[in-house]
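Working through the structure, step by step
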Amino acid sequence: MTLTIENILLIGSILLFISILAGKTSYRFGVPTLIFFLIVGMLAGSEGVGKIQFDSPVTAQFIGVLALNFILFSGGLDTKWESIKPVLGRGAMLSTLGVLLTTFAVGAFVWLVTEFSFLEGLLLGSIVSSTDAAAVFSILRAKSVGLKKNLRPTLELESGSNDPMAYFLTVTLTSLVVSQEQDFLSVIPFFLKQIIFGAAIGLGMGKLSVLVINKIRLDFEGLYPVLVIALMGFTFSFTDSIGGNGFLAIYLASVYIGNHDIIHKKTIIRFFDGFAWLMQIVLFLTLGLLVFPKQIIPVMGIGLLISVFMILIARPISVYACLSFFGLKNREKLFISWVGLRGAVPIVFATYPLIAGVEKANMIFNIVFFISVTSVLLQGTTLPLMAKWLHVSVPEKAKRRTPLDIELSDNIKTELAEIQVPADNAAVGKAIVELGFPKTAIIAMIRRDGKYITPNGSTVLQPLDMLIVLAENEEGLDEVHENLEIE
């Protein structure tokens, strides 16, 4: 079957529906949902029962980059500064030096055990060097794994921030393999430009986005997520167009946005969470369609060898080297090593050598695909067991709520109070979103001039407004009084 404009929506909706049903039942068998998305794509492909003809790395790469934008942006919105601040150092080490060490370890191993050149080995190593944000986020959250200390924010920070380094290494090594006369030192200016421009534009666009969202005053709540999509797309494309790292830019921008008060924040976060799931499904379906199972069989042996080496040797080496000065226990380092899941990102990155015309690109793609599948199957399915075995898990009842859990909580507020805003109060003339209101309380209604209005983040307080405040407890009400400086 050939995909056409007429049938692509029908086929796509059927595949989405099947994927969701497969994902719904997958955890009964202990298999991560993402694997079922891949399997559905493979079954629908040219060598499966669906016989859909799809062999376009360029299209797959476009879909992959688009999907990664939403996945990374959603992950950034969910990343709370108070959670990652204590683990910022270790997360930065894992997402930079850890990626580099994994690249060299895997690259050297591939060079020794295959007919790949050293550069080709490094290219394969760079493609599988980063942990996959989609895989880590979905498995940690879907399985509701409770982890001791700061292990969870460490893992989520690493997986959300290490793609830029892996992307840089993949693009650079692809260029070096294609043009081997190129000087290796010539990549240093490219690296500095990628990081500096990516970080600067990401933080700058994050700050600008908060101002735009809060000041634009749209008439319909549903338009705010659309506005954020526009800001996200501009951030990535503009950064990439001037030589910066677009993935780094959108991640930092989304972290900044997620840690500031914006209008309709819950709506925006929940929209991106749902859209990130859609992008994960579409991405895995697309990659499943792109792969040819018959081409995977010849590389299964070497793929399994590389996968085992990466899981048991390369990943632990990089983790222990990066975390040796952070005072973590061996069992905590072992668990972080085990959660080095590879998923869709390496498969997307494997399309770059394909498009560039690298000689062994097809073999690299098939090996990377096999490594990603075995990683999610082996590490993803055993993650809760490893957490329990290494004594780093906590019972579900004892699991602490994260700042994001509190912010998005729909728990019933039990305390009610009426608070009048004095005419000379500093809050007068400010929008609610600008007040830094406590997360444990909400302004349910405002009585103004004898009428009741339902406020939102853009509602501007006026003198003598009577605020009907609902809070989870008395402490929440006390915080409101302190916030408004009302005794």
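Everything that follows concerns the structure shown earlier in this document.
Structural notes, computed from the coordinates. (Residues numbered from 1 in each chain as written. Predicted model: local features only at pLDDT ≥ 70, side-chain atom pairs only at ≥ 80, totals over all residues. Heavy atoms only, no water.)

1. Some words on the overall build of the chain
Rules: Each helix is a run of DSSP H or I of at least 4 residues and each strand a run of E of at least 2, with the numbering of both proceeding from the N terminus. Whether two residues are in contact is decided by their heavy atoms, any of which lying within 4.5 Å being enough.
Of regular secondary structure, the chain possesses 21 helices and 4 strands. In the chain, the share of contacts with a sequence separation of at least 24, taken over all contacts with a separation of at least 6, comes to 80%.

2. A few points about the packing of helix H5 (residues 88-113) against helix H9 (residues 163-178)
Here is the rule we go by: In this description, a line fitted to the C-alpha atoms serves as the axis of each element, helices being fitted only across the stretch in contact, and the angle between N-to-C directions of two axes falls anywhere from 0 to 180 degrees. Angles are sorted into four bins: roughly parallel if under 35 degrees, roughly antiparallel if over 145, roughly perpendicular if 65 to 115, and oblique for all others. Residue polarity follows a fixed list, in which Ala, Val, Leu, Ile, Met, Phe, Trp, Tyr, Cys and Pro are nonpolar, Asp, Glu, Lys and Arg are charged, and the others, Gly among them, are polar.
Viewed as axis vectors pointing N to C, H5 and H9 meet at an angle of 40°, and their least axial separation amounts to 9 Å. Overall, the two elements H5 and H9 adopt an arrangement that is oblique. Across from Ser-95, Thr-96, Val-99, Leu-100 and Thr-103 in H5, the residues of H9 making contact are Met-165, Ala-166, Leu-169 and Leu-173. Taken together, the residues of the contact of H5 with H9 break down into 6 nonpolar, 3 polar and no charged.

3. What about helix H15 (residues 300-322)?
Residues three or four positions apart in an α-helix share a direction because the helix packs 3.6 residues into each turn. Test applied: One less than the number of residues in a helix, times 1.5 Å, gives the span that helix is expected to have. In this scheme, the bend at a residue equals the angle between the axes fitted to the seven residues that finish there and the seven that begin there.
With 23 residues, H15 ought to run about 33 Å at 1.5 Å a step, and its terminal C-alpha atoms sit 31 Å apart, in line with that. Along H15, the sharpest kink reaches roughly 45°, centred on Met-310.

4. Topic: the environment of Gly-246
We apply this condition: Note on classification: 1.4 Å probe, protein chains only; a residue is buried when its accessible area is under 20% of the maximum for its type, exposed when over 50%, partly exposed between these limits.
Inspection of the secondary structure puts Gly-246 in helix H12 (residues 246-258). Residue Gly-246 is classed as buried on the basis of its relative accessible area of 2%. On a C-alpha basis, the gap between Gly-246 and Ala-199 in space is 9.2 Å, while along the polypeptide they are 47 residues apart. The contacts of Gly-246, once residues within four sequence positions are left out, are Phe-236 and Thr-239.

5. Some remarks on the pairing of strand E2 (residues 441-448)
Worth spelling out the cut-off: Two strands pair if DSSP finds at least two bridges between them.
Here 6 bridges tie E2 to strand E4 (residues 466-471), and the two strands are oriented antiparallel to one another. Counted as the bridge partner of Ile-443 is Val-469 from E4. Pairing geometry for E2 and strand E3 (residues 451-453), over 3 bridges, is antiparallel. Of the residues in E3, the one forming a bridge with Arg-448 is Lys-451. Count of turn residues in the E2/E3 antiparallel hairpin: 2 residues, of which Asp-449 carries a positive phi of about 55°.

6. Quick notes on the packing of aromatic side chains
In this description, an aromatic ring pair is defined by two values, namely the gap between the centres and the angle between the planes. Using the following cut-off: Only the six-membered ring of Trp is used, alongside the rings of Phe and Tyr, when aromatic pairs are assigned; centres must lie within 6.5 Å, and planes under 30 degrees apart are stacked while those over 60 apart are edge-to-face, with the rest tilted.
Tallying each qualifying case throughout the model produces 16 aromatic pairs. With 5.8 Å between their ring centres and 80° between their planes, Tyr-167 and Tyr-352 make a pair best called edge-to-face. Here Tyr-167, found in helix H9, pairs with Tyr-352, found in helix H18 (residues 351-356); they are 185 residues apart in sequence, far enough to count as distant. Accessibility expressed as a relative area gives 13% for Tyr-167, which makes it buried. What makes Tyr-352 buried here is its relative accessible area of 16%. An aromatic cluster is present here, built from Phe-70, Phe-73, Phe-271, Phe-272 and Phe-275 joined pairwise through their rings.

7. What about the side chain of Asn-366?
Inclusion rule: Any N or O atom pair separated by 3.5 Å or less is treated as a polar contact, with the protein-specific requirement of one donor-capable and one acceptor-capable atom, and with residues adjacent in sequence counted only for side-chain atom pairs.
Positionally, Asn-366 belongs in helix H19 (residues 361-389). On the basis of relative accessibility, which here comes to 3%, the residue Asn-366 falls in the buried class. A polar atom in the side chain of Asn-366 sits 3.0 Å from the backbone oxygen of Asn-362. Discounting chain neighbours no more than four positions away, the residues touching Asn-366 are Val-291, Gln-295, Ile-296 and Val-299.

8. Remarks on a nonpolar patch on the surface
Selection criterion: Only residues whose relative accessible area exceeds 30% and that form no salt bridge enter a patch; like-charged residues are grouped when within 9 Å of one another, and nonpolar side chains (Val, Leu, Ile, Met, Phe, Trp, Tyr) when within 5 Å. With residues, only the protein chains shown are counted as cover, and all accessible areas are computed by Shrake-Rupley using a 1.4 Å probe. Each reported salt bridge corresponds to a side-chain nitrogen of Lys or Arg within 4 Å of a carboxyl oxygen of Asp or Glu.
A surface patch of nonpolar side chains, amounting to about 730 Å² of accessible area, comprises Leu-185, Ile-188, Leu-192, Ile-196, Phe-197, Phe-234, Phe-238 and Ile-242. The element best represented in the nonpolar patch is helix H10 (residues 187-215), accounting for 4 residues. Examined against the element boundaries, Leu-185 turns out to sit in the loop between H9 and H10.

9. Some thoughts on the side chain of Ser-74
Relative to the helices and strands, Ser-74 resides in helix H3 (residues 57-77). Of note is the side chain of Ser-74, whose polar atom sits 3.5 Å from the backbone oxygen of Phe-272. The residues contacting Ser-74, other than those within four sequence positions of it, are Phe-272, Asp-273 and Ala-276.

10. What to know about the nonpolar core
The test is simple: In plain words, nonpolar cores are sets of buried Ala, Val, Leu, Ile, Met, Phe, Trp, Tyr and Cys residues tied together by side-chain atoms within 4.5 Å.
Ranked by internal contacts, the top residues of the largest apolar core, which has 91 residues, are Leu-124 and Phe-349. Per-element accounting of this core gives the leading share, 11 residues, to helix H13 (residues 265-290). Judged by nonpolar contacts, the second largest core, of 19 residues, contains Leu-151, Phe-335, Leu-390 and Val-392.

11. Let's talk about the packing of H15 against H19
Worth spelling out the cut-off: By definition, turning the near helix anticlockwise from the far helix through less than a right angle yields a left-handed crossing, and turning it clockwise yields a right-handed one.
Contact geometry of H15 with H19 gives a least axis separation of 9 Å together with a crossing angle of 50°. One finds that H15 runs oblique with respect to H19. For H15 against H19, the interelement crossing comes out right-handed. Seen from H15, the contacting residues are Met-300, Ile-302, Gly-303, Leu-304, Ile-306, Ser-307, Met-310 and Ile-311; seen from H19, they are Ile-367, Phe-370, Ile-371, Thr-374, Leu-378 and Gln-379. Here the contact of H15 with H19 is composed, by residue class, of 10 nonpolar, 4 polar and no charged.

12. Quick notes on the environment of Pro-298
Residue placement: Pro-298 occurs in the loop between helix H14 (293-296) and H15. Placed 69 residues apart in sequence, Pro-298 and Ile-367 show a C-alpha to C-alpha distance of 9.5 Å.

13. Observations regarding unusual backbone geometry
Unusually for a residue other than glycine, His-264 sits at a positive phi of about 55°. Along the polypeptide, His-264 turns up in the loop between H12 and H13. The phi torsion at His-391 lies on the positive side, around 60°, for a residue other than glycine. Mapped onto the fold, His-391 is located in the loop between H19 and helix H20 (403-407).

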